[in-house]
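Here's the letter readout for the chains.
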Amino acid sequence: MKDMSEMREVLVAGFGLTQWGYYPDRECYDFGSEAILIALEDSGFTWNDVQAAFCGSVYQGTGSGHQAVKEVGLTGIPVVNVENACSSGSSAFRLACQSVAAELYDTVLVLGMEKMPRGPIPSTAFRPWELASGFNVQMANYANETVVYMEETGATVEDFARVTVKNRKNGVHNPHARFQKEVTMEEVLNSRMVATPLRLFHCCPLADGAAAAIVCSRDKIRSAQRAVTVKACSLTSGVYGEHSIMAGISKSRNHPPALGIVELSAKQAFETSGYGPEDMDVVQAYDTMAPAELWDIEKLGFCKKGEAPRLLKEGAFDIGGRIPVNTDGGLMSRGHPLGATGLGQICELVCQLRGEAGKRQVAGARIALAHAMGAGPNSSVTILKAR
Amino acid sequence: MNSESNRIPIHEGFWTTPASEDEPPQLIGSHCESCGESFFPKKEKGWCTYCRQKTLKDVRLSRRGKIASFSVVMQQPGGGFYKGPVPYAYGAVELPEGIYVTTLFKTDDFDELELHRDVELVIDKLCEDEEGRDIVTFKFMPV
């Protein structure tokens, strides 16, 4: 086994995002190929430079990545479709980075795309009897975690509403976000109850859309000024004894794990990168549900358990705060096209580290972290550095 | 009351079906003779996923536990798999064996659901199948 830090350096040469939203008349390969073309232009590469493609999606069926690639050019390169629930995009990114680090390829495309089924996510990551029992309501699974978090930390539904308000405020300055409009505390707290104690505006909206990135070795990079280095990309799945109701996994009182999957993925990424939480200038946390952003920040090591609600209230996670979190509006504003989400987070970090984020730019951002979860369960952490 | 043939369990072998009504049903789990860990549902392969040995034996689990987490679902789940009533409540119950069972809750009043509250196992109707027969499942009910 080899650590990425001992292997060839990998850079992000460019990225492409479509405007995420609701598109009844467009298909995933329409968004996917659009994102690829934007990423190619952004990176300065031609399609002939691309030697392999890893394509994340969840509900798009067989060979969806191929469908998108077909609209760009058939050059015979290996196209691998990656389904890893809401971590599909970041898992595809990790595979692409590994193949460049291992010197198998010099230039690789990563794609994440999704046209979401309508209504609540029909997660099938459960046994048939669990599905028939109605245990696949991810909002309710998060709500189960939320009531425990509230009891353990004293956090309130108002704290969770504050996450939505912050992220929707950031989303106003993100032209790719599904929602670019602020919401008030009152609007969140008066929205309809979905799964107690969580209301509609505590939940991220779904969206259709795509994200793409081109990763390459340093010698291939076209613009050194705009390059971003991949310092780590970790991925963990379930650990024995950790409760993951969203993946149908029970907690064990007799044998609790030393580290949960989020803590483990963060530890691995920090070790590989040589950085710690204190080094991060921008953070993309996983806000599928508002309370999850708070415990995510805690589990990633940015503060102690139970401190995130207070820090949020003090403005620590605002753009201009001590640890800006979800500068692009997060899932709350972008929306959640499952296969694209993890890569969309990474695209925002690239944008921030290049200093190209406009009104949502974090001044002097040099090192940044993205975290995505997924049913399974999955936890992926990506750490990037400017240039 | 429906005869047993009109009551279809959501899954075979999840609970005991006592001959007498005085004897209440119990969930059937697995207990590891090597490490002492318990599981529900029982592991068909007899393989302990904690100590990774083939030393599991069937065991009847405690009928009472405490609510460890819960949520009341206010909208129809996606995918069309669930055919029971809405709203409904589910969460985790901690059993004295040290394991957590994900379960539906039976209650006429969702306000009865509170963390750490004592609950007891019941076998209860979930929904009906296409032929009008009751699909039954295990639930926990506040006591």
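The shown structure was predicted, so the numbers you read here are calculated from the model rather than taken from an experiment. (Residues numbered from 1 in each chain as written. Chains lettered and ligands numbered in written order. Predicted model: local features only at pLDDT ≥ 70, side-chain atom pairs only at ≥ 80, totals over all residues.)

In terms of regular secondary structure, chain B is built from zero helices and nine strands. Reading the secondary structure of chain B in the N-to-C direction produces β-β-β-β-β-β-β-β-β. Relative to its length of 143 residues, chain B is compact, with a C-alpha radius of gyration of 16 Å against a globular reference of 15 Å. Along the first, second and third principal axes, the C-alpha atoms of chain B reach 45 × 35 × 35 Å. Considering chain B as a whole, with its 143 residues, one finds that 36% of them fall into the buried category. Within chain B, residue pairs in contact and separated by at least 24 positions form 50% of the contacts whose partners lie at least 6 positions apart. (Helix = DSSP H or I, 4+ residues; strand = E, 2+ residues; numbered from the N terminus. Rg over C-alpha atoms; globule rule 2.2 N^0.38 Å. Buried ≥ 20, exposed ≤ 12 C-beta atoms within 10 Å, placed from the backbone. Contact = placed C-beta atoms within 7 Å.)

All names here are of chain A. Two elements in contact, helix H5 (residues 138–153) and helix H9 (residues 290–299), have axes whose closest approach is 10 Å; the angle formed by their N-to-C orientations is 55 degrees. In terms of axis orientation, H5 runs oblique to H9. Handedness of the crossing formed by H5 with H9: left-handed. Residue-level contacts link Tyr 142, Thr 146 and Tyr 149 of H5 to Pro 291, Ala 292 and Trp 295 of H9. When grouped by side-chain class, the residues that make up the contact of H5 with H9 number five nonpolar, one polar and no charged. (Axes fitted to C-alpha atoms, helices over the stretch in contact; angles between N-to-C directions. Parallel < 35°, antiparallel > 145°, perpendicular 65-115°, else oblique. Left-handed = near helix turned anticlockwise from the far one by under 90°. Nonpolar A, V, L, I, M, F, W, Y, C, P; charged D, E, K, R; others polar.)

Turning our attention to the sheet that holds strand E3 (residues 38–39) of chain B. Each strand in a sheet pairs with its neighbour through backbone hydrogen bonds, running either in the same direction (parallel) or in the opposite one (antiparallel). Sheet architecture is open: three strands sit in the order E3-E2-E4 (chain B), paired in antiparallel fashion. Of all strands in the sheet, those with a lone pairing partner are E3 and strand E4 (56–60) of chain B, marking the two edges. (Pairing = 2+ DSSP bridges.)

Residue and element names in this part refer to chain A. Strand order in the open sheet made by the nine strands is E3-E2-E4-E7-E1-E8-E11-E10-E9, with mixed pairing throughout. The open sheet terminates on both sides in strands that have one partner only, identified here as strand E3 (79–82) and strand E9 (282–284). Each adjacent strand pair in this sheet contributes to an overall mean axis angle of 25 degrees, direction not counted. The pairing of strand E1 (residues 10–17) with strand E7 (residues 209–216) spans six bridges and is antiparallel.

Residue and element names in this part refer to chain A. Helix H12 (residues 338–353) packs onto helix H3 (residues 88–101) with a crossing angle of 60 degrees between their chain directions and a minimal axis gap of 5 Å. Here H3 lies oblique to H12, going by the angle between them. Seen from H3, the contacting residues are Ser 88, Gly 89, Ser 90, Ala 92 and Phe 93; seen from H12, they are Leu 338, Gly 339, Ala 340, Thr 341, Gly 342, Leu 343, Gly 344 and Ile 346. The residue makeup of the contact of H3 with H12, split by class, is six nonpolar, seven polar and no charged.

Taken together, the contacts link 33 residues of chain A with 32 residues of chain B. Every element with two or more residues in the side of chain A that touches chain B is listed here: helix H4 (128–132), H5 and strand E5 (193–195) of chain A. It is H5 of chain A that provides the largest number of residues to the side of chain A that touches chain B, a total of six residues. Within the side of chain A that touches chain B, the residues separate by chemical class into 17 nonpolar, 13 polar and three charged.

On to the domain arrangement of chain B, then. Residue and element names in this part refer to chain B. Per the domain assignment, the segments of chain B are domain 1 (25–61) and domain 2 (63–143). Residue-level contacts link seven residues of domain 1 with nine residues of domain 2. Class assignment for the residues of the side of domain 1 that touches domain 2 results in five nonpolar, two polar and no charged. (Domains from an automatic or database assignment.)

This part covers the nonpolar core. Of all hydrophobic cores here, the largest spans 157 residues; its most connected members are Val 110, Leu 111, Ala 212, Ala 213 and Val 215 of chain A. Two domains share this core, each providing at least three of its residues, namely domain 1 (25–61) and domain 2 (63–143) of chain B. In contact with Ala 212 of chain A, not counting residues within four places along its chain, are Phe 15, Gly 16, Ala 35, Ile 36, Ile 38, Ala 39, Leu 109, Val 110 and Leu 111 of chain A. (Core = buried A, V, L, I, M, F, W, Y, C linked by C-beta atoms within 7 Å.)

This next bit is on the environment of His 336 of chain A. Residue and element names in this part refer to chain A. By the element assignment, His 336 lies in the loop between helix H11 (330–334) and H12. Accessibility expressed as a C-beta count within 10 Å gives 24 for His 336, which makes it buried. Sequence-distant contacts of His 336, defined by excluding residues within four places in its chain, comprise Cys 204, Pro 205, Leu 206, Ala 207, Thr 288, Leu 331 and Thr 341.

All names here are of chain A. Looking at where Ile 261 falls in the secondary structure, it is placed in helix H8 (residues 261–273). Residue Ile 261 is classed as buried on the basis of its C-beta count, with 23 C-beta atoms lying within 10 Å. Sequence spacing of Ile 261 and Val 10 is 251 residues, and the spatial spacing of their C-alpha atoms is 25 Å. Residues in contact with Ile 261, not counting those within four places in the same chain, are Thr 236, Ser 237, Gly 238, Val 239, Glu 242, Pro 377 and Ser 379.

So, about the pairing of strand E8 (residues 228–237) of chain A. Residues and elements named next belong to chain A. Taken across its ten residues, E8 has eight buried, putting it largely inside the fold. Pairing geometry for E1 and E8, over three bridges, is antiparallel. The residue bridging Val 12 from the neighbouring strand is Val 228, located in E8. Across nine bridges, the pairing between E8 and strand E11 (residues 378–386) is antiparallel. Pairing of Val 228 across the sheet is with Ala 386, part of E11.

Residues other than glycine predominantly adopt negative phi, and peptide bonds predominantly adopt the trans conformation. With an omega dihedral of 0 degrees, the bond running from Gly 376 of chain A to Pro 377 of chain A counts as a cis peptide bond. You can see Pro 377 of chain A is positioned in the loop between strand E10 (367–374) and E11. Put simply, Phe 40 of chain B and Pro 41 of chain B share a cis peptide bond, and its omega is -10 degrees. Mapped onto the elements of the fold, Pro 41 of chain B is located in the loop between E3 and E4. The phi dihedral of Asn 326 of chain A falls on the positive side, at around 60 degrees, and the residue is not glycine. For His 116 of chain B, which is not glycine, the phi dihedral falls at a positive 75 degrees. Along the chain, His 116 of chain B falls in the loop between strand E7 (100–105) and strand E8 (118–128). Overall, His 116 of chain B belongs to the exposed group, with 9 C-beta atoms counted inside 10 Å.

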